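Topology and contacts: notes
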Amino acid sequence: MQDFLTYGIYGTAIFLMLLGVYAVLVKRNLIKIVIGLSILDSGLHLLFVAIGFISGGTAPIFSPMAIESANKMVDPVPQALVLTAIVIGFGVTAVALALVIRLYRHHNTINIDEIKNLKW
Amino acid sequence: MVIADPIYYIVLPLLTAFLLPLFGKLYKPLIGIIPGFVFLFLAYMSVILMIDIRPDNPIITKIAGWTPPFGINLVFSSFSGFIASLISIMGFLIWAYSYKFKKVGFDDSLKYFILLLLVVTGSIGIVLTGDIFNLFVFLEITGISAYALTALYRGRDGAEAAFKFLLIGAFASSMILLAIILLYTQVGTLNMAEISVRMHEVDLKIKVLIFILFFVGFGIEAEMFPLNGWVPDAYSQAPGPIAAVFAGMVAKAGIYALVRIIYLMFDLEGAFHLLLIMGVITMIIAEVVALRQEALRRMLAYSSIGQMGLIMIAFSFNTEQGVFAAIFLMFNHAIIKSLLFLTTSFLVYNTKTKLISDLDGFGKKMPLVSLLFGLGAFAIVGLPPFSGFWSKLYVLIAAANQHMEVIIALILSVSVVEIIYYFKVISRLYFRKASEEIPIQKPSLNSSIVMIVLGLIIISVGVYPDLITGLIENATTSLLNKDLYIEKILPGLAEIIN
């Protein structure tokens, strides 16, 4: 059961990353490409949180009770970093969507094949 | 004595960027003036800090009082300080060039200055930070503000270039994040000095995988082939001075991060060979493609990629002379390419099509701008008595001492290609008759002064290279001596672990 959970989490993370890369490379719709970037980010975040996780661990806060179980504490660093990474991913997605709106107004399409004033 | 601490490089422009809309509400011209004061202070602080800095006493700032490796630290060493000073002085010059937009409204210039401050914050942050995840955060700050700057003008194809840039940039940052995650599982720390100490514990296969992920990720920012598809579009669609920002700051920060990773963190012998190969491919392809360009700014963008390739080649020698030449090249490329982009901005503005063939007879129409463009072109191809001559000479000497005759031949033949396409432009400027009389937009006083200052720097460094060789020698020593770097940040750690 424990192994199943671990492999499940890592497997999902890698699956999400590959799915995101697939969407970015294959889809021709700009919105779908942005969604792909977002999925790729989610996969990375899941992988990062999974690395710091100990099953049956406690919260990494020092209290009298936690001192005996200090070696069962979940690593807090990946969690802190994932929060930062989520915010960054949010920022990138927002800028990307703003650009998609600009492109749609300019070209009247969100198909990437029809937007090629510059050499792609 | 003013307060001078590396933390202000990050705090001051970041805070100003967020407060700028408020200043704009108070009094509109403030949005142009206040960034100027910030950049002036940063440039002044750089001078003060650089006077005292020596390779053996880097300034280490612990953010919020947390000692490394638990907290984030900024390292102002001879090398990182030199690049940070270069970026902040370029920031001041680019502000001075562009602080009065003639045609741009209040909203657009507000966005422009906010994003300019952010891009400077991010680039300097990449250079100064001693923490690998912090480096990722600053990379994203630089990236997001660079995407937005590319799309600043609505009329052009800026959004298209910016979207392309964003796709490549977001992909790069995912790779870097994945590399950081894998690295964290292997060494359990994010401090670059501690990573360097613990690197020998990591299994070779995983080490190579992490290295490749970092290499590709930072290679995009450093304009390395084949990851540089964003460069010509972003350079040609962004506002004029922003092309100078990309060449002078963003690309410099990218190559700095790449070099930090290779020299400090990974002790892989193959890394230098990989850098050499990629540098050679980048340089040759970019210069050959530049020859075929018809639009002036695309030509300069490809030439910029070629120069970055040359910098990579010089760094890949892994000798004192090679690193010296590479840092000299970074300095020259920042100054000369900025001058070329700033002058080109005026030349292109007065043509209808932005093509090189439209530039006939501009030497008479715009004497000052054409003269400075010519000066920049002479300097970048490496003619004496300009500064570009010395850096190219040092690269060749470093290659000769490594007995790399093929590389020397390649660099020289690529220089010939450079001469051909730059002189093609110059001959159009001076030796053709102007086709028609169209009204010319004269450069404003502040931008003329900035361009003349850049030109004077090029000539004076060319005549007296000793002006900056002392600083570059210190930077070289500081980069190559990684034990000293580790010892200064984490005293005694190396003995405990080994």
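What you see is a predicted model; the values in this text were computed from it and never measured.

1. A closer look at the overall build of chain A
When helices and strands are counted, chain A shows 3 helices and 0 strands. Seen in sequence order, chain A has helices and strands lined up from the N terminus as α-α-α. Computed over the C-alpha atoms, the radius of gyration of chain A is 20 Å, more than 25% above the 14 Å expected from 2.2 N^0.38 for a compact globule of 120 residues. Its C-alpha atoms give chain A principal-axis dimensions of about 65 × 30 × 20 Å. When each of the 120 residues of chain A is scored for burial, the buried share is 33%. Within the structure as shown, chain A displays about 7,300 Å² of accessible surface, and the carbon and sulfur contribution to it stands at 69%. When the 8 basic and 6 acidic side-chain charges of chain A are each reduced to a single mean position, those positions are 19 Å apart.

2. Examining the confidence of the model for chain B
All names here are of chain B. Residues with a pLDDT of 70 or more make up 97% of chain B, whose mean pLDDT is 86. The secondary structure element of chain B with the lowest average pLDDT is helix H21 (residues 493-497), at 70, and the one with the highest is helix H5 (residues 132-150), at 91. Note on the complex model: pTM 0.92, ipTM 0.91.

3. A look at the nonpolar core
Of all hydrophobic cores here, the largest spans 222 residues; its most connected members are Phe163(B), Phe214(B), Met265(B) and Phe315(B). With sequence-adjacent residues up to four places away left out, Phe214(B) is seen in contact with Ile132(B), Ile176(B), Ala179(B), Ile180(B), Leu183(B), Gly219(B), Ile261(B), Met265(B) and Phe266(B).

4. Focus: the environment of Arg260(B)
All names here are of chain B. Among the secondary structure elements, Arg 260 is positioned in helix H10 (residues 240-265). Residue class for Arg 260 comes out buried when judged on its relative accessible area of 5%. As for Arg 260 and Val 127, which are separated by 133 residues in sequence, their C-alpha atoms are 9.0 Å apart. Apart from the residues lying within four places of it in its own chain, the contact partners of Arg 260 are Ser 77, Phe 79, Met 192, Met 265, Leu 479 and Tyr 485.

5. Remarks on the packing of aromatic side chains
Residues and elements named next belong to chain B. If you walk through the whole model with that rule in mind, you get 29 aromatic pairs over all chains. Judged by centre distance (5.9 Å) and plane angle (10°), the ring pair of Tyr 9 and Phe 76 falls under stacked. With Tyr 9 in helix H1 (residues 8-26) and Phe 76 in strand E2 (residues 73-76), this pair connects stretches of sequence that are 67 residues apart. The exposure class assigned to Phe 76 is buried, which follows from its relative accessible area of 0%. The interplanar angle of 65° and the centroid separation of 5.3 Å between the aromatic rings of Phe 211 and Phe 266 together place this pair among those described as edge-to-face. One end of the pair, Phe 211, is in helix H8 (residues 204-221); the other, Phe 266, is in the loop between H10 and helix H11 (270-291), with 55 residues separating them in the sequence. Note on Phe 211: relative accessible area 4%, which makes it buried.

Reading the values: rules and limits
- Residues numbered from 1 in each chain as written.
- Chains lettered and ligands numbered in written order.
- Predicted model: local features only at pLDDT ≥ 70, side-chain atom pairs only at ≥ 80, totals over all residues.
- Heavy atoms only, no water.
- Helix = DSSP H or I, 4+ residues; strand = E, 2+ residues; numbered from the N terminus.
- Rg over C-alpha atoms; globule rule 2.2 N^0.38 Å.
- Buried < 20%, exposed > 50% of the residue type's maximum accessible area, 1.4 Å probe, protein only.
- Areas by Shrake-Rupley, 256 points an atom, 1.4 Å probe, with all protein chains shown as cover.
- Lys, Arg positive; Asp, Glu negative; His and termini not counted.
- Charge placed at Lys NZ, Arg CZ, Asp CG, Glu CD.
- pLDDT = per-residue confidence, 0-100.
- Core = buried A, V, L, I, M, F, W, Y, C linked by side-chain atoms within 4.5 Å.
- Contact = heavy atoms within 4.5 Å.
- Phe/Tyr/Trp six-rings, centres within 6.5 Å; stacked < 30°, edge-to-face > 60°.

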